Amino acid sequence: MKWKEYRRVRKEKVTAPSGLEYEIRAMSAIDAISVARYGNDPVKFSEEILLRCVVKPPLARKGTADKVGLDELDAQDATFLITRILEISGITMVEDIVKNRPGGLSGIAGTDS
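What you see is a predicted model, and the numbers here were worked out from it, not measured in a lab. Residue numbers run consecutively from 1 along every chain, following the written order of its sequence. In keeping with the predicted nature of the model, local features appear solely for residues at pLDDT of at least 70, side-chain atom pairs appear and are counted solely at 80 or more, and the whole-chain, interface and lining totals rest on all residues. Side-chain measures here rest on the full set of heavy atoms in the structure, leaving out hydrogens and waters.

*Asks:* Just to check I follow, could you spell out the overall build of the chain for this structure?
*Replies:* Along the chain, the regular secondary structure elements total five helices and five strands. Traced from its N-terminal end to its C-terminal end, the chain shows the element sequence α-β-β-α-α-β-β-β-α-α. A simple rule labels every residue: compare its accessible area, found with a 1.4 Å probe on the protein chains alone, to the largest value its type can have, and call it buried under 20%, exposed over 50%, or partly exposed in between. Across the 113 residues in the chain, those meeting the buried criterion constitute 34%. In what follows, residue pairs with any heavy atoms lying within 4.5 Å of each other are defined as contacts. In the chain, the share of contacts with a sequence separation of at least 24, taken over all contacts with a separation of at least 6, comes to 51%. Counting from the N terminus, the helices are the DSSP runs of H or I reaching at least four residues and the strands are the DSSP runs of E reaching at least two.

*Asks:* In this structure, what is going on with the nonpolar core? I would like to understand it.
*Replies:* If you look at the biggest cluster of nonpolar residues, it comprises 18 residues, and the most contacted ones within it are Tyr22, Leu50 and Val54. When residues of this core are traced back to their parent elements, those giving at least two are β2 (21-25), α3 (42-53) and α4 (75-88). Take this core: its biggest share by element is five residues, from α4. Working definition of a nonpolar core: buried Ala, Val, Leu, Ile, Met, Phe, Trp, Tyr and Cys residues. They are joined through side-chain atoms within 4.5 Å.

*Asks:* Is there a simple way to explain the side chain of Glu23 in this structure?
*Replies:* For Glu23, the position within the fold is in strand β2. If sequence neighbours within four positions are ignored, Glu23 has contacts with Lys11, Glu12, Lys13, Cys53, Val54, Val55 and Lys56.

*Asks:* Teacher, can you tell me more about the packing of α3 against α4 here?
*Replies:* The description of two helices packed together rests on the angle between their axes and the distance between the axes. Running from N to C, α3 and α4 cross one another at 70 degrees; their axes reach a closest spacing of 10 Å. The orientation of α3 with respect to α4, classified from their angle, is roughly perpendicular. For the pair α3 and α4, the contacting residues are Ser46, Ile49, Leu50 and Cys53 in the first and Ala78, Leu81, Ile82, Ile85 and Leu86 in the second. To get an axis, a line is fitted to the C-alpha atoms, and for a helix only the part in contact is used. The angle between two axes follows their N-to-C directions and goes from 0 to 180 degrees. Oblique is the label for any angle not under 35 degrees, not over 145, and not in the 65 to 115 range, which are roughly parallel, roughly antiparallel and roughly perpendicular in turn.

*Asks:* What exactly am I supposed to notice about the pairing of β2 here?
*Replies:* Taken residue by residue, a regular strand's side chains alternate between the two faces of the sheet. Pairs of strands are assigned from DSSP output, requiring at least two bridges between the strands. Pairing of strand β1 (residues 11-15) with β2 involves five bridges; the strand directions are antiparallel. Within β2, the position partnered with Glu12 by the bridge is Ile24. In textbook terms, the turn of a hairpin is the stretch between consecutive antiparallel strands, and for β1 and β2 this stretch comprises five residues, one of which, Gly19, has a positive phi near 100 degrees. Note: β2 against strand β3 (residues 54-56), two bridges, orientation antiparallel.

*Asks:* Would you mind going over α4 with me for this structure?
*Replies:* Residues that lie three or four places apart on an α-helix share one face, since the helix turns once every 3.6 residues. Here the expected span of a helix is defined as 1.5 Å times the quantity of residues minus one. Given a rise of 1.5 Å per residue, 14 residues ought to cover 20 Å, and the 20 Å separating the end C-alpha atoms of α4 matches this to within 8%. A side-chain oxygen of the first residue of α4 lies 3.0 Å from the backbone nitrogen of Gln76; this N-cap is Asp74. Here a polar contact is taken to be a pair of N or O atoms separated by no more than 3.5 Å, where protein atoms must pair a possible hydrogen donor with a possible acceptor and residues adjacent in sequence count only if both atoms sit in side chains.

*Asks:* Quick question: what am I supposed to make of helix α2 (residues 29-36) here?
*Replies:* When α2 is considered as a whole, its buried residues turn out to be Asp31, Ser34 and Val35. Axial view of α2: buried residues confined to an arc of 95 degrees, hence all on one face. What points out from α2, more than 90 degrees from its buried face, is the exposed set Ala29, Ile33 and Ala36. When we speak of the arc, we mean the arc of directions from the helix axis to the C-beta atoms.

Below is the structure:
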């Protein structure tokens, strides 16, 4: 496999429940290591995945003229994006983990609005 093809297959265009189109990518080894340090903090864990792996539209902790803020994301979109990013990264059973965690979706980035 050539480098360009490798990059292409690690990205995916998706349409979130809100209808907004996103381009996402699978987590790299560096992403996985960085995100893992937030394993006990579901908010930071979720935010870090979104900030690192949503390619378009670009995300930021706080929205700007050219970036969508994490606090502006629809709850269903945030959950959808995190789930899909983890799936294309080879992490399975994400829906069961989210559904069965204490507090349900409470504390997952974008779900408290």
